Amino acid sequence: MKLSSVVVTLILTVGVPYYIYTPLPAAIEEPLKLMLLDALFRAMLQVGDLCQCLGLSHHITVIRGPTLGLGSSGEMAGGQGGGVRVSDVDFDRVPVRVYEPPAAGGGDGGLRRAVMFYHGGGWALGATKMGSYDVLCRQMSDELNAVVVSVEYRLAPEVHFPVQYEDCLAAAKHFLEPGILGKLSVDPQRVAVSGDSAGGNLAAAVAQQISVDDSVSVKFSVQALIYPVLQGLDLNTPSHQQNHNIPMLHRFMMARFWLLYLGVDTSLHPLLLSPSFLHHPSIPPSVRSHLNWTTLLPAKHIKHYKPVGMEMGSQEVTGQEGDLLPGLLDVRAAPLLAEQGVLGRTPRAYILTCEYDVLRDDGLMYTRRLQDAGVTVSSHHYDDGFHGALSFAHWPFFFDVGKRMIRGYMDWLQENL
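Residues numbered from 1 in each chain as written. Predicted model: local features only at pLDDT ≥ 70, side-chain atom pairs only at ≥ 80, totals over all residues. Heavy atoms only, no water.

**Observations regarding the nonpolar core**
Item 1. By size, the foremost hydrophobic cluster in this structure holds 142 residues, and its most contacted members are M116, Y118, M140, F175, L233 and W258.
Item 2. In terms of residues, this core owes the most to one element, helix α9 (residues 251-262), which gives nine residues.
Item 3. Sequence-distant contacts of Y118, that is, excluding residues within four places in its chain, are made with V151, Y153, C168, A172, V193, S194, G195, D196, G199, L202, A203 and V206. (Core = buried A, V, L, I, M, F, W, Y, C linked by side-chain atoms within 4.5 Å. Buried < 20%, exposed > 50% of the residue type's maximum accessible area, 1.4 Å probe, protein only. Helix = DSSP H or I, 4+ residues; strand = E, 2+ residues; numbered from the N terminus. Contact = heavy atoms within 4.5 Å.)

**Describing the environment of M44**
Item 1. Along the chain, M44 turns up in helix α2 (residues 31-53).
Item 2. As for M44 and V62, which are separated by 18 residues in sequence, their C-alpha atoms are 8.1 Å apart.

**Topic: the packing of aromatic side chains**
A ring pair, where both rings are aromatic, is described by two values, the distance of the centres and the angle of the planes.
Item 1. Using the criterion set out here, one finds 10 aromatic pairs in the structure.
Item 2. Both rings, one in F117 and one in Y133, keep their centres 5.9 Å apart while their planes meet at 45 degrees; by these two values the pair is tilted. Of this pair, F117 sits in strand β3 (residues 112-118) while Y133 is found in helix α4 (residues 131-144), placing the two residues 16 residues apart along the sequence. Y133 carries the same exposure label as F117, and that label is buried.
Item 3. A connected cluster of aromatic rings, assembled from ring pairs, spans W123, F161, W258 and Y261.
Item 4. In this arrangement the basic side chain of K33 is found over the ring face of F399, its NZ or CZ atom lying 5.0 Å from the centre.
Item 5. One cation-aromatic arrangement involves R42 over Y19; the distance from NZ or CZ to the ring centre is 4.7 Å. (Phe/Tyr/Trp six-rings, centres within 6.5 Å; stacked < 30°, edge-to-face > 60°. Lys NZ or Arg CZ within 6 Å of the ring centre and 35° of its normal.)

**Digging into the packing of helix α5 (residues 163-175) against helix α7 (residues 198-212)**
Item 1. One way to put it is that α5 packs onto α7 with a least axis distance of 10 Å and a crossing angle of 55 degrees. Viewed along their axes, α5 and α7 adopt a mutual orientation that is oblique. For the crossing formed where α5 meets α7, the hand is right-handed. Contact residues: Q164, Y165, C168, L169, A172 and K173 in α5; L202, A205, V206, Q209 and I210 in α7.
Item 2. By residue class, the composition of the contact of α5 with α7 is eight nonpolar, two polar and one charged. (Axes fitted to C-alpha atoms, helices over the stretch in contact; angles between N-to-C directions. Parallel < 35°, antiparallel > 145°, perpendicular 65-115°, else oblique. Left-handed = near helix turned anticlockwise from the far one by under 90°. Nonpolar A, V, L, I, M, F, W, Y, C, P; charged D, E, K, R; others polar.)

**With respect to the pattern of salt bridges**
As a working rule, side chains carrying opposite charge can pair if their charged atoms are close by.
Item 1. For the coordinates displayed, the defined rule picks out 22 salt bridges.
Item 2. D372 is paired through a salt bridge with R368; the nearest N and O atoms lie 3.1 Å apart. Here R368 and D372 lie together in helix α16 (residues 360-372), a separation of four residues that amounts to about one turn.
Item 3. One connected set of salt bridges, linked through shared partners, spans D88, R97, D134 and R138. (Salt bridge = Lys/Arg side-chain N within 4 Å of Asp/Glu carboxyl O.)

**Regarding the UniProt feature "active site" (unreviewed entry) in the chain**
Item 1. Mapped onto this numbering, the UniProt entry gives "active site" (unreviewed entry) at S197, D357 and H387. Taken together, the annotated residues stretch across 191 residues yet fold into one region, lying no more than 10.6 Å apart by C-alpha.
Item 2. Ignoring sequence-local partners within four residues, the contact set of S197 consists of G120, I226, Y227, P228, V229, L359 and H387.
Item 3. Structurally, the position occupied by D357 is in the loop between β7 (348-356) and α16.
Item 4. Look at D357 and you get buried, because its relative accessible area is 1%.
Item 5. Beyond its immediate chain neighbours, meaning those up to four positions away, D357 contacts Y227, S239, N243 and H387. (UniProt positions renumbered as here; feature names shortened; annotations may be inferred.)

**A short note on the sheet that holds strand β4 (residues 146-151)**
Item 1. Judged by pairing direction, the sheet is mixed, and its eight strands sit side by side in the order β1-β2-β4-β3-β5-β6-β7-β8 without closing on themselves. The outermost strands of the open sheet, each flanked by one partner alone, are β1 (85-91) and β8 (377-386). Averaged over all neighbouring strand pairs, the angle between strand axes comes to 20 degrees, with direction disregarded.
Item 2. As paired elements, strand β2 (residues 94-100) and β4 share four bridges and run antiparallel to each other. By the bridge assignment, V98 is partnered in β4 with V149.
Item 3. Against the sheet, α7 engages β3, β5 (186-196) and β6 (222-226), with an angle of about 140 degrees to β5.
Item 4. The sheet contacts of helix α17 (residues 400-416) involve β3, β5, β6, β7 and β8, and relative to β8 the element is tilted by about 170 degrees. (Pairing = 2+ DSSP bridges.)

**What to know about unusual backbone geometry**
Item 1. The peptide bond linking P247 to M248 adopts the cis configuration, its omega dihedral lying at 5 degrees.
Item 2. For M248, the position within the fold is in the loop between α8 (238-242) and α9.
Item 3. A cis geometry characterises the amide bond from W395 onward to P396, with omega recorded as 5 degrees.
Item 4. Within the fold, P396 resides in the loop between β8 and α17.
Item 5. One non-glycine residue, S185, lies in the positive phi region at around 55 degrees.
Item 6. Relative to the helices and strands, S185 is located in the loop between α6 (178-183) and β5.
Item 7. Not every positive phi belongs to a glycine, and Y227 is a case in point at roughly 30 degrees.
Item 8. For Y227, the location among the structural elements is in the loop between β6 and α8.

**Things to note about the packing of α4 against α17**
Item 1. Packing of α4 against α17 brings their axes to within 11 Å, and their N-to-C directions diverge by 40 degrees. By the angle between their directions, the pair α4 and α17 is classed as oblique. Here α4 runs over α17; the crossing is right-handed. Note on element contacts: α17 touches α4 through I406, R407, Y409, M410, L413 and Q414, opposite L136, Q139, M140, E143 and L144.
Item 2. For the contact of α4 with α17, the class distribution of residues is seven nonpolar, two polar and two charged.

**Observations concerning the side chain of T237**
Item 1. Structurally, the position occupied by T237 is in the loop between β6 and α8.
Item 2. We classify T237 as buried; its relative accessible area is 0%.
Item 3. A polar side-chain atom of T237 sits 3.0 Å from a polar atom in the side chain of H240.
Item 4. Setting aside residues up to four positions removed in sequence, T237 forms contacts with Q231, W293, V358, D361 and M365. (Polar contact = N/O pair within 3.5 Å; in protein donor to acceptor, adjacent residues only side chain to side chain.)

Below, the structure written as structure tokens:
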């Protein structure tokens, strides 16, 4: 009995630290806290995978509950936006949470500015009621004296692309109707669309569509994208190579989220991660030019990395590959692939990127493409940032870099919206 106790103790003493430890760049502050958070998330993913293998439940369904508990409530975060009025309603059959500020009105005849916000979570996780998003929206509404609409779009695996996009677009069109804006005392010249991660993807795609839709009389005045995912054809950019195993979004996780979104078998993730995937003959050269990071990225972010992969010859797209490519080539799923004429009609932008994030180069390439199309872009890059940091700024994590991100985001909206 004593021997078995010693063995168990030894296993725990050695095994737990080994599981938790992840090598991190020296620039990342509070590394132990990030390692613990990453280990918790990896453990949830692995439990989910086990349940799916046993036929008990889809792995996403298993981890949804625990991930919703990661973060703070409005009260725990120190009461930001305590006077904000919150109501859950539907915009064109899409559930939304509306935050209205305590102030009676804005500075222009009682009109207020507004933000439509799409939460992140790989198109499969997250919710408007999730603590970190609820806190952020309350804070935006209170500080900016703004009406904030957080959209509860449907999620994978229950639905797939383009349903998430269509939900977000429908909610946006409804919100931008002059009658709805008037009812909420919103200035139609001061309406933003925003989102983080997968929500940033949806915000960029919706901004593009609204900008070219002549049936929509009110347009978004700004777009604010927080470490957005903007393409899935090239998961071998310098940031994917550099940060393939950096929390909180590992490269293989991003591939799985793309496959979930597109409704394709997640066992195809090795194909999506393959260096040769971008060179498939079914991908037009014009599309590759929109993803050419050797010309779109600043040299300091290219570093020593080189394009990888080789031509796949005359190989044809067959089977599930045929299901994968159409979605990845669709600008509604991959806003970075939009033509310059569309990009040039989108509103001025704020794009937040993190050095230690596989999605860093998506944001930086989009910044360059928007600028080349004549759009004014404010690029805010955090040299010590990691993916998801903004969501971990409050209780129980209190990451300093996340607090700085929120402050910078708020300040930009305050000055530009």
